[in-house]
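# Structure at a glance
Spelled out from the first residue to the last, the chains are:
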Amino acid sequence: MAKTIGKTAIDGWINIITELGQSRDKRTGGRPQAPAFGVVEQQYSDIYHGDDLAATIAELLPREMVRQWFTIDIGDSGLNTISKDTLDVLDTLDAKRVVFEAMVWARVFGGSLIFVSLDDGMSLDQPVDMTMIRKVDFFHVFHRFEVSVESVNRDMTSKEFGQPEMYRVVEAGQGHVGDAGLVHASRFIRFDGVMTTRARKRRNQGWSDIQS
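Residues numbered from 1 in each chain as written. Predicted model: local features only at pLDDT ≥ 70, side-chain atom pairs only at ≥ 80, totals over all residues. Heavy atoms only, no water.

### Quick word on the overall build of the protein chain
Just so we agree on the cut-off: Helix and strand assignments come from DSSP, with helices taken as H or I runs of at least 4 residues and strands as E runs of at least 2, each series counted from the N terminus. Throughout, exposure labels follow a simple rule: accessible area from a 1.4 Å probe, protein chains only, divided by the maximum for the residue type, with under 20% read as buried, over 50% as exposed, and the rest as partly exposed. Under the convention used here, a 1.4 Å probe and the Shrake-Rupley method define accessible areas, while residue burial counts only the protein chains that appear.
The number of helices and strands found in the protein chain is five helices and eight strands. Each helix (α) and strand (β) of the protein chain, taken in turn from the N terminus, gives the series β-β-α-α-α-α-β-β-β-β-β-β-α. When burial is assessed residue by residue, the protein chain has 32% of its 212 residues classed as buried. As displayed, the protein chain offers around 14300 Å² of accessible surface, 54% of which is attributable to carbon and sulfur atoms.

See below:
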C-alpha cells in the first residue's frame, strides 16, 4: 500500500517482470494512440517511399477518386462548349495529377495544399479577387511540412472560424514560387488529413493528424 501525503503517493509497488506500475505498463499497450506530433517529415516520407504496402494504402482512395475524373453540366446545351473548354484547360494544367498528389500527401503527412497561380492583379498576401481573374497559370502541390500556418480566423461569427487565413511557404518544392513570403489562404486549395479537434490542430500548428 502506498503511503500518501494528502492525495499524493510518495511510494508504491511495482513489478519488475510484468512492468505493472511503471511508465511502460503493459495494461496500456492496447490503447489506441494518435501519432505524436513532432515526428519529423523524413520519417513519414521514409514510410511512404520505403514500404510498398504503406504507399498502396496512401494512394488507393485518391487513385479511385480521380480515376474517372469529373464532368461539368451547366444545364444548357448551348453552353456545352464552356464545359469542354474548362476541362481542356484543367487537362493542360495537369489538374488530375495535381489533385491526386495533393490527396496522397494529405494522407501521408496530415495535410496538403494546392497553390493556384492566377492573374488577378493582387499580391499573394491579398485575397483572390474573383471578379478580376484573367487566367490560371499553373498549380503547385505542397505538403504540410512545406507550408506553415501564420494566422487563423478567430471570429466566431465568420463561416471561416478556426480556418487558416494566411500561410507561409517554407519549402518551394519545384522552385517556381521561390521565397513567396505570406500567401493568403484563398490562393490555396486545402486537403486535410484525419479529422481532429481544433485543440489538436493547434498542437499540430494548424494541421490535421496523420492517416494511421
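### A closer look at the side chain of Arg107
This is how the line gets drawn: Within this scheme the basic residues Lys and Arg register as positive and the acidic residues Asp and Glu register as negative, but His and the chain ends are omitted. Counted as salt bridges are all cases of a side-chain nitrogen of Lys or Arg within 4 Å of a carboxyl oxygen of Asp or Glu. Each polar contact in these results corresponds to two N or O atoms within 3.5 Å; when the atoms are within protein, one needs to be able to donate a hydrogen and the other to accept it, and residues that are neighboring in sequence are counted only if both atoms are side-chain atoms.
For Arg107, the location among the structural elements is in helix H4 (residues 95-109). An unpaired buried charge is present at Arg107: no salt bridge exists, and Glu59, the closest side chain of opposite charge, is 9.6 Å distant. At a separation of 2.8 Å, a polar atom in the side chain of Arg107 contacts the main-chain carbonyl oxygen of Ile57. A polar contact is formed between the side chain of Arg107 and the backbone oxygen of Ala58, at a distance of 3.0 Å.

### Here's the deal with the environment of Glu150
Selection rule: Contact definition: two residues touch when any of their heavy atoms are within 4.5 Å.
Inspection of the secondary structure puts Glu150 in strand S5 (residues 147-152). Once the C-alpha coordinates of Glu150 and Gly206 are considered, the two residues, 56 residues apart in sequence, prove to be 8.8 Å apart. Discounting chain neighbours no more than four positions away, the residues touching Glu150 are Met166, Tyr167, Arg168 and Leu182. Side chain to side chain, Glu150 and Ser148 meet in a polar contact 3.0 Å long.

### Here's the deal with helix H3 (residues 80-92)
In an α-helix, one turn spans 3.6 residues, which is why side chains three or four residues apart end up on the same side. Note the threshold: What a helix should span is 1.5 Å times the count of its residues minus one.
Counted at 1.5 Å a residue, the expected span for H3 with its 13 residues is 18 Å, and the 19 Å between its end C-alpha atoms agrees. Two residues or fewer past H3, Asp94 is found with a positive phi of approximately 60 degrees.

### So, the packing of aromatic side chains
For clarity, the threshold we go by: Between rings of Phe, Tyr and Trp, where Trp is taken as its six-membered ring, a pair exists when centres lie within 6.5 Å; planes separated by under 30 degrees are stacked, by over 60 edge-to-face, and by other angles tilted. A positively charged side chain is recorded as over a ring if its NZ (Lys) or CZ (Arg) lies within 6 Å of the ring centre. The angle to the ring normal must also be within 35 degrees.
Applying the stated rule across the entire model yields eight aromatic pairs. Where Tyr48 meets Trp105, the ring centres are 5.2 Å apart and the plane angle is 80 degrees; that geometry is what we call edge-to-face. You can see Tyr48 sitting in helix H1 (residues 41-50) and its partner Trp105 sitting in helix H4, a full 57 residues away along the chain. Residues Tyr48 and Trp105 agree in their burial class; the two are buried. Both rings, one in Phe109 and one in Phe145, keep their centres 6.0 Å apart while their planes meet at 85 degrees; by these two values the pair is edge-to-face. Within this pair, whereas Phe109 is found in helix H4, its partner Phe145 is found in the loop between strand S4 (135-143) and S5, the two being separated by 36 residues in sequence. Look at Phe145 and you get partly exposed, because its relative accessible area is 26%. One aromatic cluster is present, formed by Tyr44, Tyr48, Trp105, Phe109 and Phe145 through successive ring pairs. Above the ring of Trp207, the side-chain terminus of Arg190 is found at 4.4 Å from the ring centroid.

### Digging into H1
The criterion, for reference: The directions from the helix axis to the C-beta atoms are what the arc is built from.
Those residues of H1 that sit buried are Tyr44, Ser45 and Tyr48. The arc that holds the buried residues of H1, viewed along the axis, is 100 degrees, so those residues lie on one side. Check the buried side of H1 and you find it contacts helix H2 (52-67) and H4.

### With respect to the sheet that holds strand S8 (residues 188-192)
The cut-off we apply is this: Two strands pair under a simple rule: DSSP has to find at least two bridges between them. Axes, fitted as lines to C-alpha atoms, cover a helix only where it is in contact. Angles between the N-to-C directions of the axes lie from 0 to 180 degrees.
Judged by pairing direction, the sheet is antiparallel, and its three strands sit side by side in the order S4-S3-S8 without closing on themselves. Two strands close off the open sheet at either side, each with one partner strand: S4 and S8. The mean inter-strand angle of the sheet, taken between neighbouring strand axes irrespective of direction, is 15 degrees. Examined bridge by bridge, strand S3 (residues 111-119) and S8 share five bridges and lie antiparallel to one another. Residue pairing for S8: Ile114 is matched across the bridge by Ile189. In the packing of H4 onto the sheet, contacts are made with S3, S4 and S8, and the angle to S3 comes to roughly 150 degrees.

### Focus on the packing of H2 against H4
Formally: Roughly parallel means an angle under 35 degrees; roughly antiparallel means over 145; roughly perpendicular covers 65 to 115; every other angle is labelled oblique. The handedness criterion is simple: a crossing whose near helix is rotated anticlockwise from the far helix by less than a right angle is left-handed, and one whose near helix is rotated clockwise is right-handed. For this classification, the nonpolar set comprises Ala, Val, Leu, Ile, Met, Phe, Trp, Tyr, Cys and Pro, the charged set comprises Asp, Glu, Lys and Arg, and every other residue, Gly included, is treated as polar.
Where H2 meets H4, the axes come as close as 9 Å, and the angle between the chain directions of the two elements is 150 degrees. When the axis of H2 is compared with that of H4, the two are roughly antiparallel. Considering how the two elements wind past one another, H2 and H4 form a crossing that is right-handed. Contacts between H2 and H4 pair Ile57, Ala58, Glu59, Leu61, Pro62, Arg63, Met65, Val66 and Arg67 from the former with Lys96, Val99, Phe100, Met103, Val104, Arg107 and Val108 from the latter. In terms of residue class, the contact of H2 with H4 is made up of eleven nonpolar, no polar and five charged.

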